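What the coordinates show
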Amino acid sequence: MVSCACCCSRGGGTDAVNEKDNTFQKGGVNDLSQGPTKNRRCTDVVFIPIFIAAQVVFIIVTIAGLEDGDPAKLYRPRDFSGAYCGLEENWNNGPNTLNMPKLSYTMNLTSVVDVMMRQTVCSSAARTVLVDGVGGSPPLLEDQADRDKYLCDCCLTPCDRCDGSVFNGGDLATSAGLAETISARMAELTDPSRATELFSPAGANEDMFSTSDFWEEATKYFNLVCLPDCSVNSQTISSSSLTSRPYTYAPAPDDDLYNVWNVLKSATSTDSFTTDIKNTVNDAFTFQALPLSICPYHASRCVPMPGITFGELGADYCVFEFADDIVDAVGGVAAAAFESIGGSAVATATSESFGKFAGDFMNVLDTFALVSLLSFVVGLVFLVVLRFLVGLCVWIAVACTVLMFFFGGAFLFVLSGQCQGSSILETGKQTAVAIVVTGATAADNLLSGEDAVSEDMTGNGADYRGVQHYSKNGRTCAAWDSQDVFPQYNSTNFNESGLTNAFCRNPYKAGAANKAKTIWCVTTDPDYPWEECIPIGIIQPECSSGYAVENKGTREILYYASFVVWGFGALWI
């Protein structure tokens with residue numbers, strides 16, 4: 001036992017010495033204080049040829065790339081089609097942009113004019129000539145199937161592709177009213193001298209171009225194009241000696257209303273009602289595009305937005321600015337526009353030097369001093385008041401925290417049931433309406449002592465006999481027998497569909513071309529004549545067109561996470 005212990009002791013001591021000798025410390029065998037240790041072997045010899053071979057291959061690839069490729073493509077900006085600015089040859093027979101090195105912006109007519117096009121085609125005036133006929137003349141859409149498709153494409157009647165009526169800027173009932181309204185709206189886009197009206201809420205386009213709703217989606221309304229310099233804008237057409245290109249707008253060939261647009265454009269009827277609409281379609285939608293020598297694309301891609309100019313951002317990129325005469329009309333919305341499209345935010349449309357800034361500061365120096373003094377006084381008063389109201393501030397902080405938990409849980413809950421194509425705010429509103437209506441109905445039944453009516457339905461809701469009388473967005477339903485939007489939908493014509501009072505239903509005849517995909521009602525809102533409904537008690541209806549969050553597992557996690565967040569809020573209280 002003793003010898004074993006001694007042997008073990010000697011073995012342990014040897015290991016300790018070896019470990020100490022291998023330690024990287026000053027004065028030791030592996031001293032690194034004066035550079036690499038002298039006690040080493042060369043183990044990298046075998047890797048040197050591999051390293052050299054890798055460098056040779058890299059050089060060969062680089063030379064091949066320089067011979068067959070263009071290094072400029074590594075840093076040149078690219079237009080909407082992927083073509084490079086400032087290059088003579090582009091992929092897929094793209095445009096020659098050798099003399100167009102700057103990446104700038106033109107108006108995306110498909111997005112900008114789509115609203116005016118739909119307001120024209122889907123108006124009551126257009127419906128009259130397309131579906132009903134004028135003065136005894138046959139309708140322009142001769143086939144009933146074409147008329148049914150048109151009504152569904154415009155959501156003018158309940159059908160399976162619409163959730164309800166679509167607001168296109170207001171209905172136009174007469175041909176004269178259509179010609180006046182559409183011509184005024186389009187004139188602000190086609191005439192650069194009316195740019196001030198375009199960006200003013202008082203213009204014919206009202207707040208379409210003057211609020212954050214437009215500017216936050218600026219990338220949707222502009223094309224990225226290669227131009228000679230950033231000074232090219234709507235004024236270039238009028239000031240240039242070059243001839244502009246006229247371009248008459250038409251919907252994209254794959255647009256559902258493309259054929260109807262062409263029918264209106266080529267109408268042969270000579271009555272004044274149809275002629276007014278035809279002339280508006282042919283005349284009001286004509287733009288002047290930049291010359292081909294300045295903008296090497298189809299004319300539809302070369303129409304500048306009136307009132308918008310551009311400045312140099314650097315690296316051949318242009319940034320949005322505004323002409324002096326529309327700065328007041330745009331106001332603070334400009335900053336939001338610049339941020340949304342990657343430009344630099346600005347406060348005004350004019351460039352200011354540091355010297356001008358310093359001069360302006362000296363002019364307002366007295367105001368600056370007064371504001372500073374008042375800020376100090378207000379801060380001091382706040383500290384004094386806080387001494388006596390600290391309890392109130394604490395309770396406000398607690399309440400804000402609880403609200404944060406509430407809205408955080410609500411966001412997760414709404415997101416878990418958000419349908420494809422619907423915004424989070426729209427889904428949230430529909431969820432809130434469903435909760436309020438369900439609660440109000442339950443309270444009414446409790447107070448009246450009546451049994452709840454069944455809200456069951458199958459399929460598209462043709463068998464629904466519940467008592468829902470609000471649309472999914474909270475609009476009040478009109479009584480079927482007294483509404484005049486769709487007079488054919490009444491209890492007499494659809495005696496088997498349960499059209500009683502103002503309850504939501506889905507009435508249709510067997511073999512009907514257009515029928516809604518779920519229950520709906522005629523609303524009392526003139527801007528939205530009809531809209532789908534959700535049965536009472538259904539807080540998150542099934543999305544027939546798919547969910548915004550496609551993965552079912554993720555949706556379930558969001559759903560249960562919302563209750564966890566609400567639970568934390570309750571514990572906080």
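For the structure, check the block above.
Residues numbered from 1 in each chain as written. Predicted model: local features only at pLDDT ≥ 70, side-chain atom pairs only at ≥ 80, totals over all residues. Heavy atoms only, no water.

Another aspect to go through is the overall build of the protein. Scanning the protein for helices and strands turns up 18 helices and 8 strands. Looking at the 573 residues of the protein, the share that counts as buried comes to 37%. Across the protein, the fraction of contacts at a sequence separation of at least 24, relative to all contacts at a separation of at least 6, is 65%. When the accessible surface of the protein is summed, it comes to about 32500 Å², and 60% of that surface belongs to carbon and sulfur atoms. (Helix = DSSP H or I, 4+ residues; strand = E, 2+ residues; numbered from the N terminus. Buried < 20%, exposed > 50% of the residue type's maximum accessible area, 1.4 Å probe, protein only. Contact = heavy atoms within 4.5 Å. Areas by Shrake-Rupley, 256 points an atom, 1.4 Å probe, with all protein chains shown as cover.)

In this section: the environment of Phe503. Along the polypeptide, Phe503 turns up in the loop between helix H17 (424-448) and strand E7 (520-522). For Phe503, a relative accessible area of 18% translates into the label buried. Once the C-alpha coordinates of Phe503 and Gln468 are considered, the two residues, 35 residues apart in sequence, prove to be 5.4 Å apart. In this structure Phe503 touches Gly466, Val467, Gln468, His469 and Trp480, once residues within four positions along its chain are discounted.

The subject of this paragraph is the nonpolar core. Counting 70 residues, the largest nonpolar core has Leu130, Tyr150, Leu189, Phe209, Phe222 and Met305 as its most contacted members. Each residue touching Leu189, except ones within four places of it in the same chain, is listed here: Met107, Val112, Met116, Leu198, Phe209, Phe287, Met305 and Pro306. By size, the runner-up hydrophobic cluster in this structure holds 14 residues, among which are Cys152, Cys155, Ala478 and Leu499. (Core = buried A, V, L, I, M, F, W, Y, C linked by side-chain atoms within 4.5 Å.)

A few words now on the state of the cysteines. In total, this model carries 9 disulfides according to the counting rule given. Linked covalently through their sulfurs, Cys85 and Cys226 form a disulfide whose S-S length is 1.9 Å. Between Cys85 and Cys226, the S-S torsion sits near -80°, and that sign places the bridge as left-handed. Here Cys226 lies in strand E2 (residues 222-227) and Cys85 lies in the loop between helix H2 (47-68) and strand E1 (102-107), a separation of 141 residues in the sequence. Residue classification places Cys85 among the buried residues on the basis of a relative accessible area of 0%. Here Cys504 engages in a disulfide with Cys533; their sulfurs sit 2.2 Å apart. Taking the sign of the torsion about the S-S bond as the criterion, the disulfide between Cys504 and Cys533, at about -75°, is left-handed. Here Cys533 lies in the loop between strand E8 (530-532) and helix H18 (552-572) and Cys504 lies in the loop between H17 and E7, a separation of 29 residues in the sequence. This pair shows no difference in class: Cys504 is buried, exactly as Cys533 is. (Disulfide = S-S within 2.5 Å.)

This next bit is on helix H11 (residues 258-265). Listed as buried for H11 are Val260, Trp261 and Leu264. Buried residues of H11 fall within an arc of 105° about the axis and therefore sit on the same side. In this structure, the buried residues of H11 make contact with helix H4 (114-121), helix H5 (124-132), helix H6 (144-153) and helix H12 (272-283). (Arc of directions from axis to C-beta.)

Side-chain pairs of opposite charge can arise whenever the charged atoms involved come near each other. By the definition in use, this model includes 15 salt bridges. Across the pair Asp316 and Lys102 runs a salt bridge whose closest N-O atoms are separated by 2.9 Å. Here Asp316 is found in the loop between strand E5 (308-314) and strand E6 (317-322), whereas its partner Lys102 is found in strand E1, with 214 residues between them in sequence. Each member of the pair, Asp316 as well as Lys102, is classed as buried. Close ionic contact of Arg161 with Asp153 constitutes a salt bridge, the shortest N to O distance being 2.8 Å. Connected through salt bridges with shared partners, the residues Arg76, Lys102, Glu312 and Asp316 form a single ionic network. (Salt bridge = Lys/Arg side-chain N within 4 Å of Asp/Glu carboxyl O.)

What follows concerns the packing of aromatic side chains. On inspection of all chains with the given rule, the structure shows 23 aromatic pairs. Note on Phe167 and Tyr528: the rings are 6.1 Å apart at their centroids and 35° apart in plane angle, and the pair reads as tilted. Taken together, the positions of Phe167 in the loop between H6 and helix H7 (175-190) and Tyr528 in the loop between E7 and E8 put the pair 361 residues apart, joining distant regions of the chain. With a relative accessible area of 22%, Tyr528 lands in the partly exposed category. Aromatic side chains Trp261 and Phe285 sit 4.9 Å apart centroid to centroid with 90° between the ring planes, which places their arrangement in the edge-to-face category. Residue Trp261 is located in helix H11, and its partner Phe285 is located in the loop between H12 and strand E4 (286-289); the two are separated by 24 residues in the primary sequence. An identical accessibility class is assigned to Trp261 and Phe285; each is buried. (Phe/Tyr/Trp six-rings, centres within 6.5 Å; stacked < 30°, edge-to-face > 60°.)

Take the packing of H4 against H7 next. Between H4 and H7, whose axes approach to 11 Å, the crossing angle comes to 170°. Relative to H7, the element H4 lies roughly antiparallel. On H7, the residues that touch Val115, Met116, Gln119 and Thr120 of H4 are Leu178, Thr181, Ile182, Arg185, Met186 and Leu189. Along the lines of polarity and charge, the residues of the contact of H4 with H7 split into 6 nonpolar, 3 polar and 1 charged. (Axes fitted to C-alpha atoms, helices over the stretch in contact; angles between N-to-C directions. Parallel < 35°, antiparallel > 145°, perpendicular 65-115°, else oblique. Nonpolar A, V, L, I, M, F, W, Y, C, P; charged D, E, K, R; others polar.)

This part takes up the packing of H11 against H12. Between H11 and H12, the shortest axis-to-axis distance is 8 Å and the interhelical angle comes to 115°. The orientation of H11 with respect to H12, classified from their angle, is roughly perpendicular. Facing Trp261, Leu264 and Lys265 of H11, the residues of H12 in contact are Ile277, Lys278, Val281 and Asn282. Looking at the contact of H11 with H12 residue by residue, the class counts come to 4 nonpolar, 1 polar and 2 charged.

Keep in mind these values describe shape, not function.
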